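Chain and residue survey
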Amino acid sequence: MNKVITINLGGNAYQLEDGGYDLLRNYLDSAAARLQANPDRDEILSDIEAAIAEKFRALLGSHKSVVVAKEVATVLTEMGPIEAEAEASQTGAPKEAAGPGAAGAESASKPRRLYRINEGAMLAGVCNGIAAYFNLDPTLVRLAFVLLTIFWGTGVLVYVIMAIVVPEACSPEEKASASGIPPTAQEFIRRAKAGYYEAVKNFPDPKASREWSRRFRREWRAYACQWRHHWRDKWTGPAPVYDPRLGYWLPVLSLLVGIATVGWICASISLLATGTVCGQTLPDNVPVWLAALLLFITYGILVGPLKVARHLCYKSWGQPGPIWPVVLLLEALVWLLIVAVLLGLGFHYFPALREAIHVLPAMAHQAFEDIRSWWKG
Amino acid sequence: MNVNEKFSAIRKGLLEFLVLQIIAAEKVYVADILKQLSATQFATQEGTLYPLLSKMRREELLDYEWKESEAGPPRKYYKLTAKGREQLRETLEYWNEINETVKKLGQP
């Protein structure tokens, strides 16, 4: 009796005998090593995986659900060793062989630039562009913006400013330099994702699919449990005890932070638009960006202690007094006020934001319809 | 060293030409290409073909599209670009010239 390992190959689950798994792992690892210098490495690897998956599928039937080690070995022999391109081009004209390689290196070393990316964007593509620039998941960046908005109220404004200042990536070259990936590879990633999700949708074997999701849930639960334990230990350490009355200052502090933020934003806008701060013209030898940076640092110095104080107020949360609900209500009102002021500022200064709000319902409707037709079709 | 071994480098170089010819006839996916080659002296394997196809695509000789298959996930179907067809035409011409040369040389 042999252990069985479930693997994901080209978006489908396969069960392999233990020994077969090792063979496959070795094959794919050595393939990856051989293709190290190949610019299309990931694409070739995913093609290879898909081809192996297809051969496995041909071996399996309703009465057979596990690929045994010997079959894996046969399939891998059929596939043959991965030929690195250098070997293949040695026989060809050396000058020609150097051409595409050099071009690939050139596009790979192209400097990245920050662009807005409209494909797959929620609003103006700012988060998408940042994510591509830093090679992150766009959802994480969006989450960061939302958190920034909730806790400091600045996310919306930063977004609006970036939506206006950062250029949009229109040509393929611009899109490429937004992420530093050559356009062909980007296209591949898009296609591969589309193919992958289709494959998940048409998951052929309901039993395997159930097993797959059960395993996923189990792992996720274990992970979440571990995470909670870890953080509970951190949070419930011996915390200093604060006077609960400290908490009453929370709305006041929030109001101060809000006023400072709005002041900073107004000053920044006036600096960028007219080159003056509070009616003061900049000295000739101070560039605008430096002034903006100084403004930001000043804002940070002003707001930093206020934020620390707010943090202490939250810490006294441990002993809820009778007035806490009122305090929290006030706090929420203060933040609503700040957000309203920020939005008002945005509306006043940026016609693009007004337009964006107008087209938002239509966009949401369109997205909903697209998802529905995709799911049905 | 027998003839078969002596020609292995030449076969390797010609593979790209043959792949162009196969794809020129109709849209195919990798298993089709392998099947057509398997009956010839140019029989090859996925391990060789995938890197070759990706290189040819990078040189813009061919392109692919995803197509649904009856069983399993979608497949990549390859087709020639205009540049690929031009390359094929040139190569065919050159190949004929080589053939002529081989036939003519050494003849009285």
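Because the structure is predicted, anything quoted here is derived from the model rather than measured.

Before going further, it helps to spend a moment on the overall build of chain B. On a plain count of helices and strands, chain B comes out with five helices and two strands. Listed N to C, the secondary structure of chain B is α-α-α-α-β-β-α in terms of helices and strands. For chain B, buried positions account for 26% of its 108 residues. Pairs at least 24 apart in sequence give 47% of the contacts found in chain B among residues at least 6 apart.

Quick look at the overall build of chain A now. In terms of helices and strands, chain A carries 15 helices and five strands. Considering only contacts in chain A between residues 6 or more positions apart, those separated by 24 or more positions represent 64%.

Residues and elements named next belong to chain B. Mapped onto the fold, Arg-75 is located in strand 2 (residues 75-80). In this structure the C-alpha to C-alpha distance between Arg-75 and Val-28, which are 47 residues apart in sequence, comes to 9.7 Å. Beyond its immediate sequence surroundings of up to four residues, Arg-75 is in contact with Tyr-29, Lys-67 and Ser-69.

This brings us to the nonpolar core. Across soluble globular proteins, nonpolar side chains have a tendency to be buried as a group. Ranked by internal contacts, the top residues of the largest apolar core, which has 35 residues, are Ile-52 of chain A together with Ile-23 of chain B. The element that contributes the greatest number of residues to this core is helix 2 (residues 41-59) of chain A, accounting for seven residues. Residues in contact with Ile-23 of chain B, not counting those within four places in the same chain, are Val-28, Leu-62, Tyr-78, Lys-79 and Leu-80 of chain B. Counting residues in hydrophobic clusters, the runner-up holds 17 residues, among them Val-126, Ala-131, Phe-145 and Tyr-159 of chain A.

So, on to the sheet that holds strand 1 (residues 4-9) of chain A. Residue and element names in this part refer to chain A. Here we have three strands laid out as an open sheet, ordered 1-2-3, and mixed in their pairing. Edge strands, defined here as strands with exactly one partner in the open sheet, are strand 1 and strand 3 (66-67). By the bridge criterion, six bridges tie strand 1 to strand 2 (residues 12-17) in an arrangement that is antiparallel. Among the inter-strand pairings, Ile-7 is bridged to a residue of strand 2, identified as Tyr-14. Relative to strand 2, helix 1 (residues 18-34) is tilted by about 115°, and along the sheet it contacts strand 1, strand 2 and strand 3.

We now examine helix 15 (residues 351-376) of chain A. Residues and elements named next belong to chain A. For helix 15, spanning 26 residues, the distance from its first C-alpha to its last is 38 Å, which sits close to the expected 38 Å at 1.5 Å a residue. Bending of helix 15 peaks at approximately 40° at the position of Leu-360, with proline Pro-361 no more than four residues after it. Along helix 15, only one of the 26 residues are buried, which leaves the element largely exposed.

Below, the discussion takes up the packing of helix 2 (residues 8-25) of chain B against helix 5 (residues 82-104) of chain B. Residue and element names in this part refer to chain B. Two numbers describe how helix 2 lies on helix 5: the axes approach to 10 Å, and their chain directions differ by 120°. Judged on the interaxial angle alone, helix 5 and helix 2 are oblique. Helix 5 is crossed by helix 2, and the crossing has left-handed handedness. Contact residues: helix 2 offers Phe-17, Leu-20, Gln-21 and Ala-24, while helix 5 offers Gly-84, Arg-85, Gln-87, Leu-88 and Thr-91. Considered class by class, the residues forming the contact of helix 2 with helix 5 number four nonpolar, four polar and one charged.

Next up on the list: the confidence of the model for chain A. All names here are of chain A. Looking at chain A as a whole, its pLDDT mean stands at 73, while 71% of the residues score no less than 70. Highest mean pLDDT in chain A belongs to helix 3 (residues 69-79) (89); lowest belongs to helix 5 (residues 94-108) (39). In the predicted structure, residues 86-109 sits below a pLDDT of 50 and forms 17 contacts with residues beyond four places in sequence or in another chain.

A few words on the confidence of the model for chain B. Residue and element names in this part refer to chain B. For chain B, per-residue confidence averages 88 on the pLDDT scale, and residues scoring 70 or more make up 97% of the total. Across chain B, element-level confidence peaks in helix 5 with a mean pLDDT of 92 and bottoms out in helix 1 (residues 3-6) with 82. Taken over the whole predicted complex, pTM reads 0.41, whereas the ipTM for its chain interfaces reads 0.83.

Glancing now at the environment of Trp-335 of chain A. Residue and element names in this part refer to chain A. Looking at the element boundaries, Trp-335 is found in helix 14 (residues 324-349). On the basis of neighbour counts, which here come to 19 C-beta atoms within 10 Å, the residue Trp-335 falls in the partly exposed class. Between the C-alpha atoms of Trp-335 and Gly-258, which are 77 residues apart in sequence, the distance is 7.7 Å.

How two helices pack is summed up by the angle between their axes together with the distance between the axes. All names here are of chain A. It is at 10 Å that the axes of helix 2 and helix 3 come closest, and there the two elements cross at 135°. By the angle between their axes, helix 2 is oblique relative to helix 3. Here helix 2 and helix 3 pass one another in a crossing that is right-handed. Contacts between helix 2 and helix 3 involve Ala-51, Ile-52, Lys-55, Phe-56 and Leu-59 from the first element and Glu-71, Val-75, Glu-78 and Met-79 from the second. Taken together, the residues that form the contact of helix 2 with helix 3 break down as six nonpolar, no polar and three charged.

Residue and element names in this part refer to chain B. For helix 4 (residues 46-58), spanning 13 residues, the distance from its first C-alpha to its last is 18 Å, which sits close to the expected 18 Å at 1.5 Å a residue. Turning to helix 4, its buried residues are Glu-46, Gly-47, Leu-49, Tyr-50, Pro-51, Leu-53, Ser-54, Lys-55, Met-56, Arg-57 and Arg-58. One or two residues past the end of helix 4 sits Glu-60, with phi positive at roughly 65°.

What counts and what doesn't
- Residues numbered from 1 in each chain as written.
- Chains lettered and ligands numbered in written order.
- Predicted model: local features only at pLDDT ≥ 70, side-chain atom pairs only at ≥ 80, totals over all residues.
- Helix = DSSP H or I, 4+ residues; strand = E, 2+ residues; numbered from the N terminus.
- Buried ≥ 20, exposed ≤ 12 C-beta atoms within 10 Å, placed from the backbone.
- Contact = placed C-beta atoms within 7 Å.
- Core = buried A, V, L, I, M, F, W, Y, C linked by C-beta atoms within 7 Å.
- Pairing = 2+ DSSP bridges.
- Axes fitted to C-alpha atoms, helices over the stretch in contact; angles between N-to-C directions.
- Expected span 1.5 Å × (residues − 1).
- Bend = angle between axes of the 7 residues up to and from the residue.
- Parallel < 35°, antiparallel > 145°, perpendicular 65-115°, else oblique.
- Left-handed = near helix turned anticlockwise from the far one by under 90°.
- Nonpolar A, V, L, I, M, F, W, Y, C, P; charged D, E, K, R; others polar.
- pLDDT = per-residue confidence, 0-100.

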